[in-house]
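Residues per chain are reported as follows:
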Amino acid sequence: MEEYTETNLRFQGPTLETVNMNTRVGGCVRALVSGGWGFTTFNNLDDLEQKVDMAIRQAKLVGEVGGNSILAPVPVVEDEVRPKLLEDPSKVDLASKVDLFQGYNEIVLGHGGTIVSSSINYFDRHGKVPFANSEGTYILQHKTDLAGSVFAMAGDGETTQTSRVTFGSSNDFGVCRNLDDDVRKACTKATELLAAPPVKGGEYTVVIDPTLAGIFAHEAFGHLSESDFLYENPNLQKVMQLGTKFGEDFLTIYDTGLDEGARGYLMYDDEGVATERTDLIREGVLVGRLHTRETAAKLGEKPTGNARAINYNYAPICRMRNTCIAPGEASFEDMLSGLKEGIYVKGSFGGETNGEMFTFSAAEAYMIRNGQLAELVRDVNLTGNVFTTLANIEMVGKDFQAHESAGGCGKGNQAPLPTSEWAPHVRIRNVVIGGCK
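Please read all numbers here as calculations on a predicted model, not as lab measurements.

Counting residues in hydrophobic clusters, the biggest one holds 45 residues, and the most contacted among them are Phe221, Val345, Leu382 and Leu390. Those elements giving two or more residues to this core turn out to be strand S8 (202-208), helix H4 (210-222), strand S10 (277-282), strand S15 (341-354), strand S16 (357-369), helix H9 (386-391), strand S19 (393-396) and strand S23 (426-434). For this core, the leading source of residues is H4, giving 7 residues. What Val345 contacts, discounting residues up to four positions off in sequence, is Val206, Val207, Ile208, Asp209, Leu212, Ala362, Glu364, Ala365, Val380 and Leu382. By size, the runner-up hydrophobic cluster in this structure holds 26 residues, among which are Val98, Phe101, Tyr122 and Ala154.

Okay, structure coming up:
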């Protein structure tokens, strides 16, 4: 079951295009019979018994034709979880939220120069999610999620460049406040990008900031660690064999549901399994994977609390929570030191992964010349093979930082699921950068 109240705001240029509040109530029933799954949804508890019968009949039909699903055992739990809210978004009235984001919009549109438009998105949702299963587990989780972004767009009639401010939290509306200076900096950066030269394509040593490092950990390696991909792909199982050395001893990547305030925070997943910190790579060696109860049983490993569904209309599948690169020992100055020519990349405007291959578009980048930051460049795209890139990581920073954004993870037609990516700066050699000749 879930019962959520959600607020949405959207400014496009000077126009407030969307402002609404709505409540969503519904639930789902999953049944496992003779290795087959059945799944039904409902919006009214009055017909719950019929929905349970329907899910069981579906499961029997699937089981009769060769279903092979099994579940790893987990402890029976009775619990209630409430977030420790710093500023509760449900206590901020809608008019105050509109005024706050209207203010940011006026900063962008009033910036002048080459700034030609703005775009602002904000949402918050809060509610409760009771979970029960036939083994005796009953958990009531109270959840809050909020996120947004402020875009500034600069144009000169031929080229458009964008910079943005993003924010997100699972316990604090305060992350939306006092962003005036950040919004002004985004306007300035969009203007500077318009005048910046395109980067020259080639192979460089690259220093990536904590935001992009976290996104790399999520997109390029985290998805390969989701075991529903793994148990269906024998070739990937050989590549992702536990004990394989993927990086230097200073490289540790993990996924956790335990960081309060992160959008990927949750105490129990959507199968009622307690979440944890799950090390994926520890000191350069593959040591773990992300599991639902079903993938854990099929691979003979333990569940990790990664079964998640975007809402009651979908069955839970294996998903990340907060995916992190653990801090190392290098300073930012260490990373620049000794580089005759390299690139410093900050943030990302998205990317694509296809198996072992990835491509990311940088939000902002600077040349590194003779160990110093140099000119701003634009149109920077990073591409490569995830395993080669992991092996080419030659420094991990000690400046571990949280990163929360307005986006989320997409998989199996379920998007955007709230996730987080926290990391320090990372230096990687031999990264292919797409750009001009």
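Before going further, it helps to spend a moment on the pattern of salt bridges. Applying the stated criterion across every chain, the model contains 28 salt bridges. One salt bridge connects Lys84 with Glu260, and the closest N-O pair in it is separated by 4.0 Å. You can see Lys84 sitting in the loop between strand S4 (78-81) and helix H2 (94-109) and its partner Glu260 sitting in the loop between strand S9 (253-256) and S10, a full 176 residues away along the chain. Salt bridges sharing common partners tie together Glu6, Arg125, Asp145 and Arg263.

Glancing now at the packing of aromatic side chains. This structure, assessed with the given rule, holds 10 aromatic pairs. When the centroid spacing of 5.4 Å and the interplanar angle of 75° are considered together, the rings of Phe216 and Phe358 count as edge-to-face. Of this pair, Phe216 sits in helix H4 while Phe358 sits in strand S16, and the two are 142 residues apart along the sequence. Here the two residues Phe216 and Phe358 agree in accessibility, since each one is buried. Directly above the ring of Trp37 sits Arg30, whose terminal nitrogen or CZ lies 3.9 Å from the centroid.

Attention now goes to the sheet that holds strand S11 (residues 285-286). In spatial order, the strands read S11-S10-S9-S14-S22; together these 5 strands make up an open sheet with mixed pairing. Looking at the sheet topology across the chains shown, the edges are occupied by S11 and strand S22 (420-422). Pairing of S9 with strand S14 (residues 322-325), which is carried by 4 bridges, proceeds in the antiparallel orientation. Bridge pairing in S14 links Tyr254 to Cys324. Its contacts with the sheet put H4 on S9, S10, S11, S14 and S22, and the angle it makes with S14 is roughly 115°.

The next thing to look at is the pairing of strand S3 (residues 36-42). The two faces of S3 differ: Gly36, Gly38, Thr40 and Phe42 on one face are buried, but Trp37, Phe39 and Thr41 on the other face are not. In the sheet, strand S2 (residues 15-33) pairs with S3 via 7 bridges, with the strands oriented antiparallel. Bridging from a neighbouring strand, Gly27 pairs with Phe42 of S3. Between S2 and S3, which pair antiparallel one after the other, the connecting turn spans 2 residues, and Ser34 there sits at a positive phi close to 50°.

Rules and cut-offs
Residue numbering note: each chain is counted from 1, following its sequence as written. Whole-chain, interface and lining totals are the exception, using all residues; otherwise, since this is a predicted model, local features are given only for residues with pLDDT of at least 70 and side-chain atom pairs are given and counted only at 80 or more. In computing side-chain values, all of the structure's heavy atoms are included and hydrogens and water are not. By convention a nonpolar core is built from buried Ala, Val, Leu, Ile, Met, Phe, Trp, Tyr and Cys residues, the set being connected through side-chain atoms within 4.5 Å. Only protein chains enter the area calculation, which uses a 1.4 Å probe; residues under 20% of their type maximum are buried, those over 50% are exposed, and those in between are partly exposed. Secondary structure follows DSSP: runs of H or I at least 4 residues long count as helices, runs of E at least 2 residues long count as strands, and numbering of each begins at the N terminus. The contact definition used throughout considers only heavy atoms, calling two residues in contact when any of these lie within 4.5 Å. Definition used for salt bridges: Asp or Glu carboxyl oxygen within 4 Å of a side-chain nitrogen of Lys or Arg. Working definition: rings of Phe, Tyr and Trp (its six-membered ring) pair if their centres are within 6.5 Å, and the pair is stacked with planes under 30 degrees apart, edge-to-face with planes over 60 apart, and tilted otherwise. Working rule: Lys NZ or Arg CZ, within 6 Å of ring centre, within 35 degrees of ring normal, means a charge sits over the ring. A pair of strands counts as paired when DSSP detects no fewer than two bridges linking them. Axis lines are fitted through C-alpha atoms, for helices just across the contact stretch, and the angle between N-to-C directions can take any value from 0 to 180 degrees.

Just distances and angles here, no functional claims.
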